[in-house]
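Secondary and tertiary structure notes
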Amino acid sequence: MRLLTWNLRFDSQRDDISVKETLESLPDPLIAPKFMGHKREQPWSARRIRVAQEIRGSRVSVIGFQEALLRQVHDLKELLGDEWDWVGVGRDDGKDRGEFGPIFFNTKHLKLEKYDTFWLSETPFKPSKFPSAGSFRIATVARLSLVDQSAQSGTEYRVFTLVNTHLDERSEGQRELGASLILHRARYEAQTHSGAVVVVGDFNRYAFTFRVEYHALTTIYAAKSEQIGADSGAYRILNGVTAPKPIPSQFQEKFPVAADVLPDFTMCDFLGVTPRLDVSGFFRTFTGFEESLGTRQGGRIDYVLGGSNGGWLSHRYHTGSTITDDGMLSSDHRPVFVDFDLVTPEVKEKQSISSV
């Protein structure tokens, strides 16, 4: 199946233009647009069409979005069509206020078994914010099964769990607690349901920090450069490089894990285990509405990780573009696509699951 994770950039330039009005105003596709006629961020009412077009033509089965306000969720549901459904809540009140971390899924391919949301704070079961965080932060969890059950043998390998999140931009403490909660929940899912566990989202930090040289005369980046900063704490926790932080007791009680089952469970970066020839597109996922090479330091803050318990096999990883030749940028983050199969653990062992 094909999975997508994409930070949409919230609707920061609110207007009252309907989807119908936007569709009716689209230009004639036979007439060349003004090259790079748009600059920087455009309203969501214009960007939403580009987002939907990217998805409608990509054969995606399941999506984790970040930064979607309720209007954006409803717009995408309308644009993607009746075969799509979604789950999620607004992070500010557990209903419809604030940003959502919705999981969209194509009902022709996948069936929802169960879903819930928890907050990445010391009180994970009610709308709440970590003390030093800039915003409320959540994780949306959906257990999904393949509609075509004849395609897999063994019930546990027809079902997988997807966790979608967006960690804080200000607080390293929040990001580390959030990663610890997500790792615990992922291990619980792996123990309880046996199938694959996939975590997607915007971690708001690079996996590694690099010094990047910029050559003004050649307008290209140096091919490789030395590491100068600390790794993202959240990424290190999920990968098992750093021990997780203590998590609230009520979370452990609701999602108990057996100490002797999957004791070394971690999350593995899909980018590192996909066959190298089938890794394509960009490395940098955050652009800040700036696609010109040479103007920003490159970096990847949007991730797809798979549980070390197996049950999945990655065979394509692609980071797409957000720009068209009229200069319209669909988001300040690039979409990340992954093709993977649900498999038995015996098949999974054939693909390296190194944590780093």
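This part takes up the sheet that holds strand 14 (residues 312-319). The strand order across the open sheet built from 7 strands is 3-4-2-1-15-14-12, with neighbouring strands paired in mixed fashion. The sheet is open, and its two borders are formed by strand 3 (84-87) and strand 12 (279-281), each paired with just one other strand. Here the strands of the sheet are splayed against their neighbours by 20 degrees on average, with no regard to which way each runs. Inspection of the sheet shows strand 14 paired to strand 15 (residues 336-342) by 7 bridges, in the antiparallel sense. Paired with tryptophan 312 across the two strands is leucine 342, which belongs to strand 15. Each of strand 2 (62-66), strand 3 and strand 4 (103-106) is contacted by helix 3 (residues 70-80), which is oriented at about 160 degrees to strand 3, the strand it contacts most.

Two numbers describe a pair of aromatic rings. These are the distance of the centres and the angle of the planes. If you walk through the whole model with that rule in mind, you get 13 aromatic pairs. Three or more aromatic residues joined by ring pairs form one cluster here, namely Phe118, Phe125, Tyr188, Phe251 and Phe255. Lying across the ring of phenylalanine 125, lysine 254 places its NZ or CZ 4.6 Å from the centre.

This next bit is on the packing of helix 2 (residues 44-56) against helix 3. At a minimum axis distance of 10 Å, the contact between helix 2 and helix 3 shows a crossing angle of 45 degrees. Put simply, helix 2 runs oblique to helix 3. Our pair here, helix 2 against helix 3, has a crossing hand that is right-handed. Across from Trp44, Ser45, Arg47, Arg48, Ile49, Val51, Ala52, Ile55 and Arg56 in helix 2, the residues of helix 3 making contact are Arg71, Gln72, Asp75, Leu76, Leu79 and Leu80.

Right, let's talk about the pairing of strand 7 (residues 159-166) for a bit. The side chains of a regular strand alternate between the sheet's two faces. Judged by how many residues are buried, strand 7 sits mostly within the fold: 8 of 8 residues are covered. Two strands pair when backbone bridges link them, and strand 6 (residues 138-146) and strand 7 are joined in this way by 7 bridges, in the antiparallel orientation. Note that in strand 7 the partner of leucine 144 across the bridge is phenylalanine 160. As paired elements, strand 7 and strand 8 (residues 196-202) share 7 bridges and run parallel to each other. By the bridge assignment for strand 8, histidine 166 is matched with aspartate 202. In this fold, strand 7 hands off to helix 4 (residues 172-193), which returns the chain to strand 8; that crossover is right-handed.

The buried fraction of strand 6 amounts to 9 of the 9 residues, a majority that puts the element mostly inside the structure. Going residue by residue along strand 6, you find Ile138, Thr140, Ala142, Leu144 and Leu146 tucked away on one face and Ala139, Val141, Arg143 and Ser145 tucked away on the opposite face as well. Relative to strand 6, strand 5 (residues 110-119) runs antiparallel, the two sharing 9 bridges. Opposite lysine 114, over in strand 6, you have arginine 143 as the bridge partner.

For helix 2, spanning 13 residues, the distance from its first C-alpha to its last is 18 Å, which sits close to the expected 18 Å at 1.5 Å a residue. Within helix 2 the residues assigned to the buried category are Trp44, Ser45, Arg47, Arg48, Ile49, Val51, Ala52 and Ile55. Against strand 1 (2-7), helix 1 (19-24), strand 2, helix 3 and strand 3 lie the buried residues of helix 2.

Across the sheet, 6 strands lie side by side as 5-6-7-8-13-11; this open sheet has mixed pairing. Two strands close off the open sheet at either side, each with one partner strand: strand 5 and strand 11 (267-269). Sheet twist, expressed as the average angle between the axes of neighbouring strands with direction ignored, equals 25 degrees.

To continue, consider helix 4. If you check helix 4, its first and last C-alpha atoms are 31 Å apart, about what 22 residues at 1.5 Å a residue would give, namely 32 Å. When you tally the buried positions in helix 4, you get 17 out of 22 residues, the bulk of the element. Serine 194, located one to two residues past helix 4, shows a positive phi value of around 70 degrees.

Taken over all residues, the pLDDT of the chain has a mean of 88, while the share at 70 or more is 85%. Counting contacts from residues 152-156, a segment whose pLDDT is below 50, to residues more than four positions away or on other chains yields 7 contacts.

To continue, consider unusual backbone geometry. The phi torsion at arginine 9 lies on the positive side, around 65 degrees, for a residue other than glycine. If you trace the backbone, arginine 9 turns up in the loop between strand 1 and helix 1. For methionine 36, which is not glycine, the phi torsion reads 55 degrees and is therefore positive. Take methionine 36: it is sitting in the loop between helix 1 and helix 2.

What follows covers the environment of phenylalanine 105. Following the sequence through the fold, phenylalanine 105 ends up in strand 4. Since its relative accessible area comes to 3%, phenylalanine 105 is described here as buried. Along the chain, phenylalanine 105 and tryptophan 86 lie 19 residues apart, while their C-alpha atoms are 6.1 Å from each other.

This paragraph deals with the nonpolar core. Within the largest apolar cluster, 31 residues are counted, with the highest numbers of intra-cluster contacts made by Phe118, Leu120, Leu181, Ile182, Leu238, Met267 and Leu305. At 8 residues, helix 4 tops the list of elements feeding residues into this core. Those residues in contact with leucine 120 that sit more than four places away from it in its chain are Phe130, Arg137, Ile138, Ala139, Thr165, Leu167, Gln174, Leu177, Gly178, Leu181 and Ile182.

Rules behind the numbers
Residues numbered from 1 in each chain as written. Predicted model: local features only at pLDDT ≥ 70, side-chain atom pairs only at ≥ 80, totals over all residues. Heavy atoms only, no water. Pairing = 2+ DSSP bridges. Helix = DSSP H or I, 4+ residues; strand = E, 2+ residues; numbered from the N terminus. Axes fitted to C-alpha atoms, helices over the stretch in contact; angles between N-to-C directions. Contact = heavy atoms within 4.5 Å. Phe/Tyr/Trp six-rings, centres within 6.5 Å; stacked < 30°, edge-to-face > 60°. Lys NZ or Arg CZ within 6 Å of the ring centre and 35° of its normal. Parallel < 35°, antiparallel > 145°, perpendicular 65-115°, else oblique. Left-handed = near helix turned anticlockwise from the far one by under 90°. Buried < 20%, exposed > 50% of the residue type's maximum accessible area, 1.4 Å probe, protein only. Right-handed = clockwise from strand over helix to strand, strands pointing away. Expected span 1.5 Å × (residues − 1). pLDDT = per-residue confidence, 0-100. Core = buried A, V, L, I, M, F, W, Y, C linked by side-chain atoms within 4.5 Å.

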